[in-house]
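Below, each chain spelled out in residue letters.
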Amino acid sequence: MAIADIMRQSRRRTSTLLTGPVLLLVIVAVLTVSPVLLLAYGGLRDAPIGAPGNLTLDNITRLVLSPAWIVILETAVIAAAAVVGGFLAGGVALAWLVGRTNLPGASFFEAVLTLPLYLPPIMLAVAWAMLGAPRVGLLNVITRETLGFEVLDVYSHAGVIWYLLVFSVAFQLSFAASAFRTFDASLEEAGRVSGARPFRVLTRIVVPLLFPILSGVFLYSLVRSFEAFEGPLLLGAQAGVDMISVEIYDLVQNRLPPDYPMASIMGVFSVLIVLPLTWYQWHLLGRRSFTVLGGRGYKAGSYDLGVWKIPAFLLCVAATVLVVFLPISQLVLGSFTRFFGVFEAGFTLDHYTSVLSNGQLLRALRNSAVLGMTGATLALLLSGLVGYVIARGRTVPRWVRVTLNFLSWLPLTVPGIVLALGFLWLYAFAPIPLYATRVGLVIAYVVLVLPLAARAMVGSLSQISADVEEAGRIAGSGWLRTVVTILIPLIWPSAMVAWILAFVGIFRDLSTSVLLVPPGQPVFSTALLELWGVGKIEEVCVLSVLAMLPMVAARYLVGRLQGYEMRMRSTSR
């Protein structure tokens with residue numbers, strides 16, 4: 001064969017290998033970049049959505065010169081700093097205990113401590129409002145009578161920070177515990193055999209190898225503090241603690257006429273605040289290798305806590321009572337009380353009867369279930385392709401993998417309500433009708449949960465050595481057969497976890513749904529907001545309890561899947 005023919009075949013093969021990743025890059029770019037660009041465009045206009053207008057810099061000037069901007073920025077930074085501190089002190093420490101040690105009841109603690117992930121954020125805020133209200137809050141009443149002082153004022157800066165800390169612990173625990181559990185213990189043993197002390201093994205082996213997942217959890221928790229909406233709206237507004245998302249919501253929903261240009265430019269600035277952190281994260285990832293599962297097999301293991309087993313157990317009990325038991329019990333009791341917070345009035349099932357006979361509320365639950373399953377499935381398929389190209393696309397040019405990684409992170413830097421505002425601008429210029437449609441809402445949901453699902457898939461695929469795939473190809477299997485028969489059996493438990501979390505994220509989302517839900521087609525979160533607005537708190541509690549029951553079953557399934565995955569990898573040697 002002539003050299004020219006060999007070169008032509010090589011170019012055709014290279015072109016074929018690049019077509020798929022480049023097409024995927026274009027699709028992800030359209031989904032993630034276009035709303036941000038249209039948001040920036042809207043922030044530079046002097047007219048609202050759908051109205052003719054001109055480009056101007058006046059909105060930037062208004063924002064920079066506004067004293068409220070300084071207050072909002074300072075508040076957001078303080079809240080984010082609190083979440084960062086809680087990351088090391090709360091979620092990761094608990095994740096290590098339940099995922100990597102012989103703590104008694106570790107599976108139970110992991111399942112219970114992650115329950116707040118499945119609660120609507122507005123309900124957690126309501127629960128803490130009832131528990132930590134000055135003078136009348138149940139928690140403050142108990143501590144004042146027993147200790148002589150009130151332990152928490154939720155209507156303050158500290159109250160908002162506490163809300164952010166509590167709410168992020170469940171997410172941190174959910175992802176970090178799985179990473180600790182599936183870590184190959186033989187790598188730690190190798191470090192100890194070489195003479196390294198436990199702390200050196202932790203800092204030089206465990207943390208660097210778990211960096212993809214831990215850094216993803218870190219950044220996602222940090223951004224959650226910026227985009228927190230329900231808690232700051234309910235708790236912070238009364239104390240003058242303004243958050244960016246609440247201020248944007250106020251500009252769009254409570255102003256007449258709505259100030260879309262100002263809200264858009266605030267959204268752009270919020271993206272610019274978080275964007276450098278995203279760049280720093282994938283810059284670090286691009287220079288390291290994080291494989292912990294090789295072709296020679298995998299060995300699970302756990303630390304023996306020894307004399308610290310009982311103190312660690314009591315610590316987890318205290319965390320469970322404080323973070324989970326108190327707010328959830330407040331909600332369950334609220335669903336049975338005749339009047340929320342007034343236990344002396346007695347208990348009743350009338351609120352359950354009212355909710356179960358309300359066709360509008362049942363339709364909202366059904367809409368959220370259908371949209372959640374559709375959006376989570378599409379997001380998992382897209383994130384699986386994205387994760388494969390990023391983690392295993394060795395033949396794909398680095399610029400494609402780096403750009404794809406960045407774009408899959410981009411929605412994470414955009415608060416939910418800002419993302420919804422960007423989609424409003426996008427749909428206004430779309431060639432097909434997407435505004436106020438289910439298709440438009442599903443597209444926004446997919447983009448909303450893409451960073452979460454993509455991080456899970458990238459983390460899972462990064463922990464599997466390339467020689468596992470190479471062994472299949474040497475045996476004569478093609479790419480598709482290798483993926484189906486080797487990779488998917490290894491990662492499907494992690495993929496299911498990503499699907500469930502994506503479904504839950506869509507199901508309970510409010511900040512995106514509140515601007516994009518079609519008229520007459522309520523979803524669970526908007527129905528909750530409507531009930532809350534008219535003061536039907538008892539029915540809000542009932543809806544939350546009803547929605548929580550299948551979520552608890554899903555969480556149990558996640559635990560079983562994670563246990564199965566650990567046993568599967570332990571015996572794959």
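Please read these numbers as outputs of a predicted model, since none were measured by experiment. (Residues numbered from 1 in each chain as written. Predicted model: local features only at pLDDT ≥ 70, side-chain atom pairs only at ≥ 80, totals over all residues. Heavy atoms only, no water.)

Quick notes on the overall build of the chain
Here's step 1: Looking only at helices and strands, one finds 24 helices and two strands in the chain.
Here's step 2: Across the 573 residues in the chain, those meeting the buried criterion constitute 54%.
Here's step 3: Considering only contacts in the chain between residues 6 or more positions apart, those separated by 24 or more positions represent 78%.
Here's step 4: For the chain, the computed accessible surface area is about 25,000 Å², with 68% contributed by carbon and sulfur atoms. (Helix = DSSP H or I, 4+ residues; strand = E, 2+ residues; numbered from the N terminus. Buried < 20%, exposed > 50% of the residue type's maximum accessible area, 1.4 Å probe, protein only. Contact = heavy atoms within 4.5 Å. Areas by Shrake-Rupley, 256 points an atom, 1.4 Å probe, with all protein chains shown as cover.)

Some points on helix H5 (residues 121–132)
For an α-helix the count is 3.6 residues per turn, leaving residues at separations of three or four pointing the same way.
Here's step 1: If you check H5, its first and last C-alpha atoms are 16 Å apart, about what twelve residues at 1.5 Å a residue would give, namely 16 Å.
Here's step 2: Taken across its twelve residues, H5 has eleven buried, putting it largely inside the fold.
Here's step 3: The set of residues buried in H5 consists of Pro-121, Ile-122, Met-123, Leu-124, Ala-125, Val-126, Ala-127, Trp-128, Ala-129, Leu-131 and Gly-132. (Expected span 1.5 Å × (residues − 1).)

Some thoughts on the nonpolar core
Here's step 1: Counting residues in each nonpolar core, the largest one holds 163 residues, and the members touching the most others are Leu-103 and Leu-421.
Here's step 2: Those residues in contact with Leu-421 that lie beyond four places of it in its chain are Leu-39, Ile-248, Val-252, Tyr-260, Ala-263, Ser-264 and Leu-515.
Here's step 3: Among the nonpolar cores identified, the runner-up in size contains seven residues, and Leu-222, Val-223, Val-274 and Leu-412 belong to it. (Core = buried A, V, L, I, M, F, W, Y, C linked by side-chain atoms within 4.5 Å.)

Thoughts on the packing of helix H12 (residues 244–253) against helix H18 (residues 416–429)
Here's step 1: Two elements in contact, H12 and H18, have axes separated by 9 Å at closest approach and are oriented at 40 degrees. Here H12 is positioned oblique relative to H18, judged by the angle of their axes. Between H12 and H18, the residues in contact are Ser-245, Ile-248, Tyr-249 and Val-252 and Ile-417, Val-418 and Leu-421, respectively. (Axes fitted to C-alpha atoms, helices over the stretch in contact; angles between N-to-C directions. Parallel < 35°, antiparallel > 145°, perpendicular 65-115°, else oblique.)

Quick notes on the pattern of salt bridges
Here's step 1: Summed over the entire model, instances satisfying the criterion amount to two salt bridges.
Here's step 2: Its salt-bridge partner being Arg-62, residue Asp-259 comes within 2.7 Å of it at the nearest N-O pair. Residue Asp-259 is located in the loop between H12 and helix H13 (260–285), and its partner Arg-62 is located in helix H2 (residues 58–65); the two are separated by 197 residues in the primary sequence.
Here's step 3: Across the pair Glu-150 and Arg-144 runs a salt bridge whose closest N-O atoms are separated by 2.5 Å.
Here's step 4: Relative accessible area serves as the criterion here: at 31%, Glu-150 is assigned to the partly exposed category. (Salt bridge = Lys/Arg side-chain N within 4 Å of Asp/Glu carboxyl O.)

Remarks on the environment of Leu-421
Here's step 1: With respect to the secondary-structure elements, Leu-421 resides in helix H18.
Here's step 2: Note on Leu-421: relative accessible area 1%, which makes it buried.
Here's step 3: It is 7.3 Å that separates the C-alpha atoms of Leu-421 and Leu-515, two residues lying 94 residues apart in sequence.

With respect to the packing of aromatic side chains
Here's step 1: Inspection of the entire model under this criterion finds nine aromatic pairs.
Here's step 2: With centroids separated by 5.5 Å and ring planes inclined at 50 degrees, the aromatic side chains of Phe-423 and Tyr-427 adopt a geometry described as tilted. Taken as a pair, Phe-423 and Tyr-427 lie in helix H18 at a separation of four residues, close to a single helical turn.
Here's step 3: Phe-423 sits in the buried class, given a relative accessible area of 1%.
Here's step 4: What links up through ring pairs into an aromatic cluster is the set Trp-499, Phe-503, Phe-507 and Phe-524. (Phe/Tyr/Trp six-rings, centres within 6.5 Å; stacked < 30°, edge-to-face > 60°.)

Description of the environment of Ala-376
Here's step 1: Topologically, Ala-376 is positioned in helix H16 (residues 359–392).
Here's step 2: Overall, Ala-376 belongs to the buried group, its relative accessible area being 1%.
Here's step 3: Through-space distance from the C-alpha of Ala-376 to that of Phe-503 is 5.1 Å; in sequence the pair is 127 residues apart.
Here's step 4: Contacts of Ala-376, omitting those with residues within four sequence positions, involve Trp-499, Ala-502, Phe-503 and Ile-506.

Details of unusual backbone geometry
Here's step 1: Positive phi, normally seen in glycine, also occurs at Ala-436, with a value near 60 degrees.
Here's step 2: The topology assignment puts Ala-436 in the loop between H18 and helix H19 (438–462).
Here's step 3: Its relative accessible area of 28% is what places Ala-436 among the partly exposed residues.

Describing the confidence of the model for the chain
Here's step 1: Residue-level pLDDT values for the chain average 78, and 85% of them are 70 or greater.
Here's step 2: Note that residues 289–296 has pLDDT below 50 and, in this model, 30 contacts with residues that lie over four places away or in other chains. (pLDDT = per-residue confidence, 0-100.)

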